[in-house]
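Secondary and tertiary structure notes
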Amino acid sequence: MTSLAHNQPMTPNFEALRAEFPSLQQEVNGKPLVYLDNGASTQKPQAVIDAIAHYYTHDNSNVHRGVHTLSQRATDQFENARKKVQGFLNAREDAEIIFTSGTTESINLVAHSFVHAFCEAGDEVVITAMEHHSNIVPWQLLEQQIGIKLVVAPINKKGEVVFDDFKASLSERTKLVAVTQLSNALGTITPLKEMTEAAHAIGAKVLVDGAQAVAHLSVDVQALDVDFYAFSGHKIFAPTGVGVLYGKRELLDAMPPYKAGGDMIKVVSFSGTTFNDLPHKFEAGTPNIAGVIGLAAGIDYVQAIGLNNIAAYEHDLLNYATNQLEKIDGLNMIGTAAKKSSILSFQIEGVHASDLGTLLDHQGVAIRVGHHCAMPVMEFFGVDATARASLAFYNNQADIDTLVAALNKALNILR
Ligand SMILES: *Cc1c(COP(=O)(O)O)cnc(C)c1O
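Rules used throughout
Residues numbered from 1 in each chain as written. Predicted model: local features only at pLDDT ≥ 70, side-chain atom pairs only at ≥ 80, totals over all residues. Heavy atoms only, no water. Axes fitted to C-alpha atoms, helices over the stretch in contact; angles between N-to-C directions. Helix = DSSP H or I, 4+ residues; strand = E, 2+ residues; numbered from the N terminus. Parallel < 35°, antiparallel > 145°, perpendicular 65-115°, else oblique. Left-handed = near helix turned anticlockwise from the far one by under 90°. Contact = heavy atoms within 4.5 Å. Nonpolar A, V, L, I, M, F, W, Y, C, P; charged D, E, K, R; others polar. Buried < 20%, exposed > 50% of the residue type's maximum accessible area, 1.4 Å probe, protein only. Near = heavy atom within 4 Å. Polar contact = N/O pair within 3.5 Å; in protein donor to acceptor, adjacent residues only side chain to side chain. Areas by Shrake-Rupley, 256 points an atom, 1.4 Å probe, with all protein chains shown as cover. Phe/Tyr/Trp six-rings, centres within 6.5 Å; stacked < 30°, edge-to-face > 60°. Lys NZ or Arg CZ within 6 Å of the ring centre and 35° of its normal.

1. Focus on the packing of helix α2 (residues 46-59) against helix α10 (residues 289-305)
For any two helices packed against each other, the geometry is given by the interaxial angle and the distance between the axes. Look at α2 against α10: their axes get within 8 Å of each other, and the N-to-C directions meet at 150°. What the angle tells us is that α2 and α10 run roughly antiparallel. The chirality of how α2 crosses α10 is right-handed. Along the contact surface, α2 presents A47, V48, A51, I52, Y55 and Y56, while α10 presents I289, A290, I293, G294, A297, G298 and Y301. The residue makeup of the contact of α2 with α10, split by class, is eleven nonpolar, two polar and no charged.

In structure tokens form, the structure reads like this:
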């Protein structure tokens, strides 16, 4: 890392890091931008933008195909990115890292290749009541297509998994537990290790939706012992259109390909086709090469800061924000789990979340309003929508103060 901000990894200078994000240095509606929609997508540091521009400026070519220099450079960077992700998740080997277009595709890959191939009518997939739609709807399609049963482990009023209820949701028919590590709607951190132990004890596999977690918590797939782990580049300061599926080799080896085309085969003939080895078996077609290179730069960036440093900083900022927001008259925090990260989802009595979102935008404050792709969560809490402020390490107390002032101003207009 060349940037000054990274010189003291033990105590990162978060203000200096913020200066490395060009898109944060702008005014919106005549006010300095306060970006609090990181749960939907994060901004990109100059280092990531530069990595993508460098690839297109110097090395643009297809991967795994050419003997020529540009293709070899592109392939080297692509495969080095795989090693980077392997290290980031602490996977055993780089072949266990499959590049996809994002969390949604990673979950659909498991739904098709694992469940479609190895589960039959009556087998069960267990999720929790706080999942994102992308970890609900693929299983509902399988209910229709092959007759699996989707079982939903309940949550309590704080938005936590109740471990005994979760255990009671498991049965001898459970083949897969698919669970978020960090809820995008509530901020809840789930007890993954305990849930994984309970799932393995009855012979089920575990898929983790890590879309929201990877930018906030340090992840070790071997320590957690999860079987699959999915995440998206764009929520960890990297581009859209790229994501990862980690899977244990013995499972990926046993699973059939899910997309078919170039690069995923060894030999093709009309009498039969042999599939390629991992990871290429699951990567048909030309991948998002620039996206993968950008993802590696994003991972370099957060690793230079240190995820434990990020988690500690964001923990304090979340506490500060929670205290400040709770001073607002009529504000109900949705999601008050004991273990939480980065998400402040709330509803204000008598006020529509969408009106709040619009009035905040007029003041340069970007938050998300709506159901956050988690309509069952909204139903459980008896609201149709919440306002959600979601943090990244480049946010600070001044951002929270601006948010609170903007909310109070909006409430004066709306009430
Ligand atoms: C954003 C998100 C997803 C979907 O990610 P995509 O990048 O849209 O594929 C899934 N789960 C959670 C918890 C998310 O926050």
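2. Quick notes on unusual backbone geometry
Cis peptide bonds are those with omega within 30 degrees of zero, and the linkage from L278 to P279 qualifies with -5°. Looking at the secondary structure, you find P279 in the loop between β12 (272-275) and α10. Despite not being glycine, D225 shows a phi value in the positive range, around 65°. In this structure, D225 sits in the loop between α8 (221-224) and β9 (228-232). Of the residues examined, D225 reaches a relative accessible area of 30% and is grouped as partly exposed. We note that D263 has phi near 80°; this positive angle belongs to a residue other than glycine. Note that D263 resides in the loop between α9 (249-254) and β11 (265-269).

3. Some remarks on the environment of K158
Topologically, K158 is positioned in the loop between β6 (149-153) and α6 (163-169). For the pair K158 and I334, spaced 176 residues apart in sequence, the C-alpha to C-alpha distance is 7.6 Å. Not counting residues up to four positions away in its chain, the partners in contact with K158 are G335, T336 and A337.

4. Structural notes on the site of the ligand
The full set of residues close to the ligand is T103, T104, H132, S134, T180, N184, D209, A211, Q212, S232, H234 and K235. One of the side-chain nitrogen or oxygen atoms of T104 is found 2.6 Å away from an oxygen atom of the ligand. Take K235: an N or O atom from its side chain is 2.7 Å from an oxygen atom of the ligand. Here the ligand has 390 Å² of accessible area as a free molecule, and 86% of this is covered by the chains. Counted by class, the shell around the ligand contains one nonpolar, nine polar and two charged residues.

5. What about the packing of aromatic side chains?
Under the counting rule described, the total for this entry stands at 17 aromatic pairs. Plain terms: the ring middles of Y301 and F393 are 6.2 Å apart, the flat faces sit at 25° to each other, and that makes the pair stacked. With Y301 in helix α10 and F393 in the loop between β17 (386-390) and α14 (397-414), this residue pair connects regions lying 92 residues apart in the sequence. For Y301, a relative accessible area of 1% corresponds to the buried category. Site record: aromatic cluster; members linked through ring pairs are F14, F21, F237, Y301, Y313, F393 and Y394. Sitting over the face of the ring of F380, K157 holds its NZ or CZ atom 4.6 Å from the ring centroid.

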